[in-house]
Amino acid sequence: MTSKTNDHSAWAAPYLARLGIDDPGSLSAPSLYTLRRLHRAHVELIAFENFDIQLGRPQGIDPAESIARILAGRGGYCFNLNNAFYELLTLLGYDVTMHRGQINGSAATAKATADDYGTHMALTVVIEGERWSVDVGLANSHHEPIPLREGVHVQGPFRFELQPLPEIGPDAWRFFTDPAQTTFHSMDFTLAPAIWEDFKSTHTDMSTSPQSSYVMWFELFRRDAGCAEFVLDDEYTRDEGAGKRSTRILESVEELFEIATDVFHLDLSDIDDADRTALWERIQRAGAEWRAKQQSVEN
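Residues numbered from 1 in each chain as written. Predicted model: local features only at pLDDT ≥ 70, side-chain atom pairs only at ≥ 80, totals over all residues. Heavy atoms only, no water.

Given 3.6 residues to a turn, an α-helix orients residues that are three or four positions apart in the same direction. Those residues of helix α4 (residues 63-71) lying buried are P63, S66, I67, R69 and I70. The buried side chains of α4 occupy one side of the element, clustering within an arc of 155 degrees when seen end-on. Looking at the buried positions of α4, the neighbouring elements they touch are α1 (12-18), α2 (32-45), β1 (48-49), α3 (51-54) and α5 (78-91). Sitting at the amino-terminal end of α4 is D62, which places a side-chain oxygen 3.0 Å from the backbone nitrogen of A64. In the stretch just after α4, G73 is the one whose phi turns positive, near 90 degrees. (Buried < 20%, exposed > 50% of the residue type's maximum accessible area, 1.4 Å probe, protein only. Helix = DSSP H or I, 4+ residues; strand = E, 2+ residues; numbered from the N terminus. Arc of directions from axis to C-beta. Contact = heavy atoms within 4.5 Å. Polar contact = N/O pair within 3.5 Å; in protein donor to acceptor, adjacent residues only side chain to side chain.)

Below, the structure written as structure tokens:
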């Protein structure tokens, strides 16, 4: 199931339906207006999530499986979400390119060469003569495409920044998330084209290694025009920017799955009661360990 096959009719309409577009014929020819519409709907309705990785049954990242997950009411992380969106945009006639990126916990941990990038799949689209950063798999960042221009870009209550990295190379850029965000510092990417197979080995490590953050901690994210909402282990946060952030500890597995269904629009019917219980126990332990660690640092 890739843009080179002829089975688009089998998945395009239900994919668009998940984005709230029940009549594909209502979409115009490729335009910035429609691209923004698709992007907003994607980050609002298709969650960044690692349920299956936490359950020890990591998903694949090829286009077929990534799209199938979305049709089944699931999400995924960047390798799934941006890979699927790449296929959809290609089908709809957009000039979209895949790139290798790297998530930075801080500026000090950034890679010295673009050859080492690989922990994030980035996308750009050239439309109406300008290149745009398109990212439906960067957790609580982009709500809409961002023009690839140096400087500050404001979306709702959040302030992002793009900066070229000439010390890395002429095609290297850094995306800074909102300064008040604490989930990651920045994402570096190169405009050199990539293919989804370039990320296979990194995905294996990120989805199975005991040292991987996706294996150690539960993550669930969505964005809309006014806020970012996310669950990290057993803590649910609603961030409206400008210091308006509320966090509470979830009290039960039922509450977790209710929020995942009602707020994050996920269909988790394939997760049975035993797996739900085991997942919740794991999430609670990780959350308690994190809070204890933070308290010891503060003291």
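The strand order across the open sheet built from five strands is β1-β10-β11-β12-β13, with neighbouring strands paired in antiparallel fashion. Of all strands in the sheet, those bounded by a partner on one side alone are β1 and β13 (245-249). Sheet analysis places β1 next to strand β10 (residues 219-223), joined by two bridges and oriented antiparallel. Its bridge partner lying in β10, F48 is registered against F221. (Pairing = 2+ DSSP bridges.)

As a further point, take the environment of R245. Position of R245 relative to the elements: it lies in strand β13. Under the relative-accessibility criterion, R245 is labelled partly exposed at 34%. Remark: the alpha-carbon pair of R245 and E87, spanning 158 residues in sequence, is separated by 35 Å. Apart from the residues within four sequence positions on either side, R245 is in contact with A180, Q181, T182, T237, R238 and D239.

Below, the discussion takes up the nonpolar core. Across soluble globular proteins, you tend to see nonpolar side chains buried next to one another. Y15, F85 and L89 are the most contacted members of the largest nonpolar core, which totals 44 residues. Contributions of two or more residues to this core are made by α1, α2, α4, α5, β2 (95-104), β3 (120-127), β4 (130-134) and α7 (213-216). Top contributing element to this core by residue count: α5, with seven residues. Non-local contacts of F85, meaning those with residues more than four positions away in its chain, are made with Y15, L38, H39, H42, L123, V134 and V136. In this structure, F51, I259, A260 and W280 belong to the second largest nonpolar core, which totals 19 residues. (Core = buried A, V, L, I, M, F, W, Y, C linked by side-chain atoms within 4.5 Å.)

With that out of the way, let us pick up the packing of aromatic side chains. Within the structure shown, the criterion is met by eleven aromatic pairs. Ring plane angle 40 degrees and centroid distance 5.3 Å describe the contact between F79 and F199, whose orientation is recorded as tilted. Taken together, the residues span a long stretch of sequence, with F79 in helix α5 and F199 in the loop between β9 (186-193) and α6 (200-208) at a distance of 120 residues. Just as F79 is buried, F199 falls in that class too. Between F160 and F175 the ring centres are 5.3 Å apart and the planes differ by 40 degrees, which places this aromatic pair in the tilted class. Of this pair, F160 sits in strand β7 (residues 158-164) while F175 sits in strand β8 (residues 172-176), and the two are 15 residues apart along the sequence. Taken as a pair, F160 and F175 share a single burial class, namely buried. (Phe/Tyr/Trp six-rings, centres within 6.5 Å; stacked < 30°, edge-to-face > 60°.)

Bringing the pattern of salt bridges into the picture now. Summed over all chains, the structure comprises 20 salt bridges. Linking R222 and E229 is a salt bridge whose minimum nitrogen-to-oxygen distance equals 2.6 Å. Residue R222 shares its accessibility class with E229, and that shared class is buried. Salt-bridge contacts for R238 lead to E240; the nearest nitrogen and oxygen are separated by 3.8 Å. When its relative accessible area of 32% is taken as the criterion, R238 is described as partly exposed. Exposure remark for E240: the relative accessible area of 36% places this residue in the partly exposed category. Overlapping salt bridges bring together E49, D52, R57, R69, R74, D270 and D275 as one network. (Salt bridge = Lys/Arg side-chain N within 4 Å of Asp/Glu carboxyl O.)

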